[in-house]
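Listed here are the chains, written in short residue letters.
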Amino acid sequence: MSEPVLRVKDLRTEFAVRAGIVKAVDGVTFEVGRGRILGLVGESGSGKSVTGYSILGLIELPGRIAGGEVLLNGVDLTKLKGEQIRRVRGAQIAMVFQDPMMTLNPVLKVSTQMIAAVRAHDNVSRKVARSRARDALATVGIPSPEERLDAYPHQLSGGMRQRVAIAIALLHKPAVIIADEPTTALDVSIQGQILAEVRRLADETGTAFVWVTHDLAVVSSLADDICVMYAGRVVETGAAADVIASPRHPYTAGLLASVPAEHEPGERLPQVPGSAPSLANLPPGCAFAPRCFKAGPACNTTPPVQHFEDGRTALCHYPIEPDSCQPLSSTSTTYQNAS
Amino acid sequence: MIGFFIQRILQALLVIIAMSVIVFVGVYAIGNPIDVMIDPASDQALREALIQRYGFDRPLIEQYFIFMGNMLRGDLGESFIYRLPVIGLIFSRMPATLELAVSAMLIATLLGIPLGLWAGYKPDAISSKFIMGLSVLGFSVPTFWVGLLLIMAFAVELGWLPSGGRGPVTDFLGMKLSIGSMEGLSYIILPAFNLALFKLGLLIRLTRSGTVEVMSSDYVRFARAQGLSERKVVGLHVLKNISIPIVTVFGLELGSTLAFAVVTETVFNWPGMGKLIIDSITVLDRPVMVAYLILVVFLFVLINLVVDLIYGQLDPRIRVRAAS
Ligand SMILES: Nc1ncnc2c1ncn2[C@@H]1O[C@H](COP(=O)(O)OP(=O)(O)OP(=O)(O)O)[C@@H](O)[C@H]1O
Ligand SMILES: [Mg+2]
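Residues numbered from 1 in each chain as written. Chains lettered and ligands numbered in written order. Predicted model: local features only at pLDDT ≥ 70, side-chain atom pairs only at ≥ 80, totals over all residues. Heavy atoms only, no water.

### As for the overall build of chain B
Broken down by element type, chain B carries 14 helices and two strands. Across its three principal directions, the C-alpha atoms of chain B cover 85 × 60 × 35 Å. For chain B, with 324 residues in total, the buried portion stands at 44%. Within chain B, residue pairs in contact and separated by at least 24 positions form 72% of the contacts whose partners lie at least 6 positions apart. Accessible surface, chain B as shown: approximately 16500 Å² in total, 70% of it carbon and sulfur. Put simply, chain B has 24 plus and 22 minus side-chain charges, and the middle of one group is 12 Å from the middle of the other. (Helix = DSSP H or I, 4+ residues; strand = E, 2+ residues; numbered from the N terminus. Buried < 20%, exposed > 50% of the residue type's maximum accessible area, 1.4 Å probe, protein only. Contact = heavy atoms within 4.5 Å. Areas by Shrake-Rupley, 256 points an atom, 1.4 Å probe, with all protein chains shown as cover. Lys, Arg positive; Asp, Glu negative; His and termini not counted. Charge placed at Lys NZ, Arg CZ, Asp CG, Glu CD.)

Written out as structure tokens, the structure is:
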């Protein structure tokens, strides 16, 4: 893989709330290459959206970026201020937000919002901006884009609004697009269309995507690489096919086990026991230990990043050995059930 | 749209009729104007003759219908005191109040919206806290007292501005206005500012809370993610969104300022409608009181209608609801 276009290093984002400091993003590290799609997976509250906002420098008080680097083509975005970061946002790196109902201003026409987005970076006439907006709407498969331009957001369905948001992200052909669960509000056939469109864009234009989702089925069909987050930390990374075929972190294994497609209809789905911890008072050591079937005595200390073949990593004291590895490591004798 | 219009006008008519009954009965209950109108020493015959002439001997209901009948013909009667048609009397005073109210609204808007925007955009800045403190003063300090302070400071101590009255007027579209000349302007500044204070406080708070809300919305964050400049974010998203509540309050306040500028007009001896109505009440000049109150209701209804129309233009979601 060539030099990655986006490289996030040890990113840390904190919110100062009444209960204390919430470390919503706690040392997140990953990278995405040109034309690659990274699936960012994790339960609700694991810090996926905050990671996206942090990359674009959109964190507002009481939050702040407490450390780390966000290198976009080698430039650290966390160091940019005011006008410098404004020139990057939307032009070199764009983001599609999670909730399509809230991302467009209800009292402004689609055309007004899109023309403003075009003219934020390109000094073109309103007419030119409008025709570029229309083309972008056509790209994401919106029928009769000219009429849609004159609509207000409430006149569009949720799926349409989400496509408008994606079209806005595409306007300046950015190097990286962070898409925060952009297809969760869409029905399956439209979701399929959009995913195919995204794959084509990545392959043809070299746009890199960070595709945030908790739908592993989407990840397996779309992403090249996977990054699994739990409680603000990256717990596992690797090529999507490898991670799905043989997860190394017990949390990833739990997530995969609960994907419906892997089971017979009617069969009860296994679930990861327990629920996501509150970020304000995490247990010391591994945050997943209380729910983990492999938890052992070492788990109340901070787990190390373990490196495996093909550049895979897992943040775990007792990673799962792939089936092919016959001899269990010495630590396996201490495996025990958490219950 | 037309249905909405007709409905609104019918509502307005009902309100005006109800209002006229209440006012008429209320004023009738206060007392017999004849006692105020004539010299207590005059003889019984003169008194009887006057009562006959004004129809005070007839039953209330009959007096009411005579009044309403005349009103439909555009005749609101004649002032008992000035012996002039009421309409002419009110309209001769209206330009003074109109220019005072409009100037006050202008001051409140031109100062209030930028200050409120700033206070909402930087809610934690010292300057914002200061602005909010001022707005509380605008709300809570009585108008007449501020008026007196203004006179003390700018007219008596500094001698920069006149202490009261209306000064020279110039003709504009058949209305006599002060704002046409520099000297006239110097007369209107203090009362207009005095009248503006409450509205200023109100507009600052309204603008600020709207700005805070919009700035923390997802669509503003999305606009920033597209690289929109802060100026564009405020100028496009914030202004458009907060204009909706502001237009509503502006309309209501314009109406109440026109109708009830009484205190300021009294303090500054401004010869507007407010002073006219106060004077009429003290002498029980019934036709003036009734006509004035009906005019006020009419103004309110009219302003509200205009506000509703603008509202529909500003908020596309309302338009849909009105159409369905
Ligand atoms: N403005 C804020 N103030 C305080 N805490 C916040 C704020 N924004 C986010 N957080 C914290 O960050 C954590 C991660 O939130 P985030 O929205 O990134 O989760 P997510 O992984 O995107 O979840 P979901 O799948 O539900 O979208 C939340 O649990 C929340 O406690
Ligand atoms: Mg999220």
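### Focus on helix H10 (residues 230-259) of chain B
In a regular helix each residue adds 1.5 Å, so 30 residues correspond to 44 Å; H10 of chain B covers 40 Å between its end C-alpha atoms and thus fits that length. The axis of H10 of chain B is deflected most strongly, by about 35°, at Ser243 of chain B, and proline Pro245 of chain B appears within four residues downstream. (Expected span 1.5 Å × (residues − 1). Bend = angle between axes of the 7 residues up to and from the residue.)

### Topic: the sheet that holds strand S6 (residues 93-96) of chain A
Residues and elements named next belong to chain A. Strand order in the open sheet formed by eight strands is S6-S7-S8-S3-S9-S10-S12-S11, and the pairing between neighbours is mixed. Edge strands, defined here as strands with exactly one partner in the open sheet, are S6 and strand S11 (305-307). Between one strand and the next, the sheet's axes are offset by a mean angle of 20°, whatever the strand orientation. Bridge count for S11 against strand S12 (residues 313-315) is three bridges, and the pairing is antiparallel. Opposite Val305, over in S12, you have Leu315 as the bridge partner. Along the sheet, helix H10 (residues 250-257) makes contact with strand S3 (37-41), strand S9 (225-230) and strand S10 (233-239), crossing S9 at roughly 105°. (Pairing = 2+ DSSP bridges. Axes fitted to C-alpha atoms, helices over the stretch in contact; angles between N-to-C directions.)

### Concerning the pairing of S6 of chain A
Residue and element names in this part refer to chain A. Side chains Ile93 and Met95 of S6 all project onto a buried face; the interleaved residues Ala94 and Val96 project onto the opposite face, where all are buried too. Note that S6 and strand S7 (residues 176-180) share four bridges and pair parallel. Within S7, the residue paired with Ala94 across the bridge is Ile177.

### Here we look at a nonpolar patch on the surface
On the surface, a cluster of nonpolar side chains totalling about 580 Å² of accessible area is made up of Ile2, Phe5, Ile6, Ile9, Leu10 and Leu13 of chain B. Its location among the elements puts Leu10 of chain B in helix H1 (residues 2-30). (Patch = residues over 30% accessible without salt bridge, like charges linked within 9 Å, V, L, I, M, F, W, Y side chains within 5 Å. Salt bridge = Lys/Arg side-chain N within 4 Å of Asp/Glu carboxyl O.)

### Comments concerning the sheet that holds strand S1 (residues 6-17) of chain A
All names here are of chain A. Taken in spatial order, the four strands make up an open sheet running S2-S1-S4-S5, and their pairing is antiparallel. Of all strands in the sheet, those bounded by a partner on one side alone are strand S2 (20-32) and strand S5 (75-76). Of the strands in this sheet, S1, S2 and strand S4 (63-72) touch helix H1 (residues 48-56), which is tilted by about 110° from S1.

### Re the side chain of Gln226 of chain B
With respect to the helices, strands and loops of the structure, Gln226 of chain B is situated in the loop between helix H9 (218-225) and H10. Residue Gln226 of chain B is classed as buried on the basis of its relative accessible area, which comes to 9%. If we skip the residues at most four places from it in the chain, Gln226 of chain B touches Arg89, Gly90, Gln113, Ala117, Ala120, His121 and Ile168 of chain A.

### Notes on the domain arrangement of chain A
Residues and elements named next belong to chain A. Parsing chain A into structural domains produces domain 1 (4-92 + 175-278) and domain 2 (108-171). In this structure, domain 1 and domain 2 have C-alpha centres spaced 26 Å apart. Each partner contributes to the interface: domain 1 provides 14 residues, whereas domain 2 provides nine residues. The interface formed by domain 1 and domain 2 contains zero salt bridges. Its residues placed into classes, the side of domain 1 that touches domain 2 shows seven nonpolar, two polar and five charged. (Domains from an automatic or database assignment. Nonpolar A, V, L, I, M, F, W, Y, C, P; charged D, E, K, R; others polar.)

### Details of unusual backbone geometry
Residue and element names in this part refer to chain A. Note the cis peptide between Leu61 and Pro62, where omega equals 10°. Position of Pro62 relative to the elements: it lies in the loop between H1 and S4. Even without being glycine, Asp10 reaches a positive phi, approximately 50°. Considering the arrangement of structural elements, one finds Asp10 in strand S1. Under the relative-accessibility criterion, Asp10 is labelled partly exposed at 39%. For Ser144, which is not glycine, the phi dihedral falls at a positive 35°. One can find Ser144 in the loop between helix H4 (126-139) and helix H5 (145-149).

### Focus: the coordination of the magnesium ion (ligand 2)
Surrounding the magnesium ion (ligand 2) are the protein donor atoms Ser49 of chain A (OG) and Gln98 of chain A (OE1), which sit 1.9 to 2.2 Å from the metal. In this pair, Ser49 of chain A is assigned in helix H1 and Gln98 of chain A in the loop between S6 and helix H3 (110-119), connecting sequence segments 49 residues apart. (Donors = N, O, S within 2.8 Å, 3.2 Å for Na, K, Ca; no water.)

### Notes on the site of ligand 1
Residue and element names in this part refer to chain A. What surrounds ligand 1 is a group of 15 residues, the closest being Ser44, Gly45, Lys48, Ser49 and Gln98. Between ligand 1 and Ser44, the relevant distance is 2.5 Å, taken from an oxygen atom to a side-chain nitrogen or oxygen of the residue. Glu181 places a polar side-chain atom, nitrogen or oxygen, 3.2 Å from an oxygen atom of ligand 1. Protein chains bury 68% of the 640 Å² of accessible surface belonging to ligand 1 in isolation. Where the shell around ligand 1 is concerned, the elements lending two or more residues are S1 and H1. (Near = heavy atom within 4 Å. Polar contact = N/O pair within 3.5 Å; in protein donor to acceptor, adjacent residues only side chain to side chain.)

### Quick look at helix H12 (residues 273-282) of chain B
It helps to recall that an α-helix has 3.6 residues per turn; residues three or four apart then point in one direction. All names here are of chain B. Within H12, the full set of buried residues consists of Met273, Gly274, Leu276, Ile277 and Ser280. Along H12, the residues classed as buried sweep out an arc of 160° about the axis, all on the same side. A positive backbone phi angle near 50° is found at Leu284, which sits one or two residues after H12. (Arc of directions from axis to C-beta.)

### Some remarks on the UniProt feature "transmembrane region" (unreviewed entry) in chain B
Residues and elements named next belong to chain B. Mapped onto the present numbering, the UniProt feature "transmembrane region" (unreviewed entry) falls on residues 12-31, 100-118, 130-156, 185-206, 242-263 and 289-311. Between the C-alpha atoms that bound residues 130-156 there is a distance of 28 Å. The span itself is 93% helix and 0% strand. Strand forms 0% of residues 242-263 and helix 91%; the C-alpha atoms that close the span are 30 Å apart. (UniProt positions renumbered as here; feature names shortened; annotations may be inferred.)

### Considerations on the confidence of the model for chain A
On average, residues of chain A score 82 in pLDDT, and 90% of them reach the 70 mark or higher. Of the regions scoring below 50 in pLDDT, residues 324-339 of chain A engages in 16 contacts with residues more than four places distant in sequence or in other chains. (pLDDT = per-residue confidence, 0-100.)

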